[in-house]
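# Remarks on the overall topology
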Amino acid sequence: MRLLLLGCSGFVGRELVPFLLELGHEVTLVSRQAQPFPALVGKRLACLHFDPADPANWAHNGLDVAVSQSDGVVNLAGEPIAERRWTPAHRDVLLQSRVRTTELLVASMARLETPPGVLVNGSAVGFYGTSLEARFQETSPAGNDFLAEICQRWEDASDQAPVGCRVVKLRIGIVLGPDGGALGKMLPVFRMGFGGPVGSGRQWMSWIHRHDLCRLIATALEDVSFSGVYNAVSPERTTMGSFARALGQALGRPSLLPVPGPLLQLLLGDGAQVVLEGQQVLPERLQAQGFAYQYPQLNAALAAATSPAAH
C-alpha cells in the first residue's frame, strides 16, 4: 500500500516506520522535523516537512497531493500529553494538535474523487476518564475530564472521513518501549535502584508493547474486517504497584521507593493525572477478532523492552 503517516516521527514511529517498510509498503511521512529517519530515506520512504495542524500548510497542494496518492492513512498526530504543565495555552496545544490536524486531514480526503480507503486514527484510553473500580470496554461511555474531552473530539473529527473510507480508531494505552514513553522515563531511575510505584500504586495501568501496537496498526490497514473503535491494550491489565515490582524483577533491581504523587504534580501539574490516575481497559474487540499479541503478558513485555537487544 501507499501510506501517508502523520504524527509518526516520535516514540511509536521509530518502530512503526521501519516495520511498515519491512512489510513492503511505500511510506510518506509528514513531520514537523526536517528529517526524522535519515537512514531510511530511499525508494519507499519520503518525508514532508510540515506542521499538519497549521491550515496554511494544506493551502499549497503538498499535503493534498500526498493524501490523494495514498491508499491508507495513519494519523497519530498530537503533542505529548505528560511532558509539561497544563497551562491554559498548553491545554489548547494538546487539543488542537490532535483535533485540528484530523479535521484538516479529513477535509482534504473529502475533496477527493477517490479518497484513501482506510484511516487508522489515534485516540487513547483517557477517553474513559479514570477509575479504581470500573472496567471499560469499547462500548463504555466517555469520561468527563480534559483527556476524555480531547479523545472524544479527536475521534469525532476522524468520523467526518468521507463515505467509503474505513475508519479505525485505536484507544491506545501506555506504550512500552525502551527509548521513550512512560517506561523510557522510569528505566534510568529503576536501573539505579531508586525505582518504585508512582503515587498510591493502586491505580490501573492499561498497557501495550510497542511492537504489538505497530502490528495492530499494520493489521488495521490491511484487514478490511477492522472498523470502528478498538482498545489498543494488552489483555493483561496491571496496577502501578505490580508494574513497578515486575520492572524491578526484569532489571534485577529493588523497586521499593515510591514516587510521591505530590512531587509529580509539582513537576507536571495536571499532566501528572496520566500516571497518578488510571483505568482498567479491556481489549474485547481485538480478542473477538483474534488479534494475536506477541507480548500479551507484562513480564515478557518488560523482558523484551529492557533487554540489550531492545536498544
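Before any of the text, the structure's been laid out above.
Nothing here was measured: the structure is a model prediction, and the numbers come from that model.

## Looking at the pattern of salt bridges
Scanning all chains against the criterion turns up ten salt bridges. With a shortest N-O distance of 2.7 Å, Asp212 and Arg215 are connected by a salt bridge. In this pair, Asp212 and Arg215 are both assigned in helix H6 (residues 210-222), three residues apart and thus about one turn of the helix distant. We classify Asp212 as buried; its relative accessible area is 0%. Here the salt bridges share partners, and the residues they tie into one network are Arg14, Glu15, Asp179 and Arg210.

## Focus on the packing of helix H5 (residues 181-191) against helix H7 (residues 240-251)
Orientation of H5 relative to H7, taken along the N-to-C sense of each, is 60°, at an axis distance of 11 Å. On the basis of their axis angle, the class for H5 and H7 is oblique. As H5 runs across H7, the sense of the crossing is right-handed. Residue-level inspection shows Leu183, Met186, Leu187, Phe190 and Arg191 of H5 in contact with H7, the latter providing Met240, Phe243, Ala244, Leu247, Gly248 and Leu251.

## Here's the deal with the sheet that holds strand S7 (residues 166-172)
In space, the seven strands of this open sheet follow the order S3-S2-S1-S4-S5-S7-S11, with parallel pairing throughout. For this open sheet the edge positions go to strand S3 (45-49) and strand S11 (228-232), each flanked by a neighbour on one side alone. Pairwise comparison of adjacent strand axes, ignoring direction, gives a mean angle of 20° for this sheet. Together, strand S1 (2-6), strand S2 (26-31), S3 and strand S4 (72-75) form the strand contacts of helix H1 (residues 13-22), whose direction differs from that of S1 by roughly 180°.

Rules used in this analysis
Residues numbered from 1 in each chain as written. Predicted model: local features only at pLDDT ≥ 70, side-chain atom pairs only at ≥ 80, totals over all residues. Heavy atoms only, no water. Salt bridge = Lys/Arg side-chain N within 4 Å of Asp/Glu carboxyl O. Helix = DSSP H or I, 4+ residues; strand = E, 2+ residues; numbered from the N terminus. Buried < 20%, exposed > 50% of the residue type's maximum accessible area, 1.4 Å probe, protein only. Axes fitted to C-alpha atoms, helices over the stretch in contact; angles between N-to-C directions. Parallel < 35°, antiparallel > 145°, perpendicular 65-115°, else oblique. Left-handed = near helix turned anticlockwise from the far one by under 90°. Contact = heavy atoms within 4.5 Å. Pairing = 2+ DSSP bridges.

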